[in-house]
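Overview (structure and organization)
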Amino acid sequence: MEQGYDLIHEDNLYYYTYDYEINNNEYYYVSTIHKSDNAFWICNFACKKSDKDKYHDLFIKWAKTIKFK
């Protein structure tokens, strides 16, 4: 299955979203991209697709708290 993703840039955060089905269960994902001094990081957040509206803004809020030392 080939699927394209649109990279979103908001409030100094880069992320993309997608839906995926596993064993007849649909899930919603937010993958955030972060840069540290010597690496790039991808952090994934997931929930049931039916809870997408409940969790999307929280995933973004949580992603903005990620720090690297």
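Heads up: these notes are all about the structure in this document. Treat the numbers as computed from the prediction; the structure is a model and nothing was measured.

Attention now goes to the nonpolar core. Counting residues in each nonpolar core, the largest one holds 9 residues, listed as Leu-13, Tyr-15, Tyr-28, Val-30, Phe-45, Cys-47, Phe-59, Ile-60 and Ala-63. Only strand 2 (13-22), strand 3 (25-35), strand 4 (40-48) and helix 1 (52-63) provide two or more residues apiece to this core.

For the structure on display, the rule yields 2 salt bridges. Of the charged contacts, one joins Lys-64 and Asp-11 as a salt bridge, the two residues approaching to 3.0 Å between their closest N and O atoms. With a gap of 53 residues between them, Lys-64 in the segment after helix 1 and Asp-11 in the loop between strand 1 (8-10) and strand 2 connect regions that are remote in the sequence. Given a relative accessible area of 37%, Lys-64 falls into the partly exposed group. In this structure Asp-11 comes out as exposed when scored by relative accessible area, which is 62%.

The next point concerns the packing of aromatic side chains. Aromatic ring pairs are reported here in terms of the distance separating the ring centres and the angle at which the planes meet. Counted under the stated rule, the structure contains 6 aromatic pairs. Seen from their ring centres, Tyr-18 and Tyr-29 are 4.8 Å apart, and the 10° between their planes marks the pair as stacked. Here Tyr-18, found in strand 2, pairs with Tyr-29, found in strand 3; they are 11 residues apart in sequence, far enough to count as distant. Of the residues examined, Tyr-29 reaches a relative accessible area of 16% and is grouped as buried. On the numbers, 5.9 Å between centres and 55° between planes, the contact of Phe-59 with Trp-62 is tilted. With Phe-59 and Trp-62 both in helix 1 and 3 residues apart, this pair spans about one turn of that helix. The buried category is assigned to Phe-59, whose relative accessible area is 3%. By the ring-pair criterion, three or more aromatic residues cluster together here, those being Phe-45, Tyr-55, Phe-59 and Trp-62.

Thresholds, definitions, all that
- Residues numbered from 1 in each chain as written.
- Predicted model: local features only at pLDDT ≥ 70, side-chain atom pairs only at ≥ 80, totals over all residues.
- Heavy atoms only, no water.
- Core = buried A, V, L, I, M, F, W, Y, C linked by side-chain atoms within 4.5 Å.
- Buried < 20%, exposed > 50% of the residue type's maximum accessible area, 1.4 Å probe, protein only.
- Helix = DSSP H or I, 4+ residues; strand = E, 2+ residues; numbered from the N terminus.
- Salt bridge = Lys/Arg side-chain N within 4 Å of Asp/Glu carboxyl O.
- Phe/Tyr/Trp six-rings, centres within 6.5 Å; stacked < 30°, edge-to-face > 60°.

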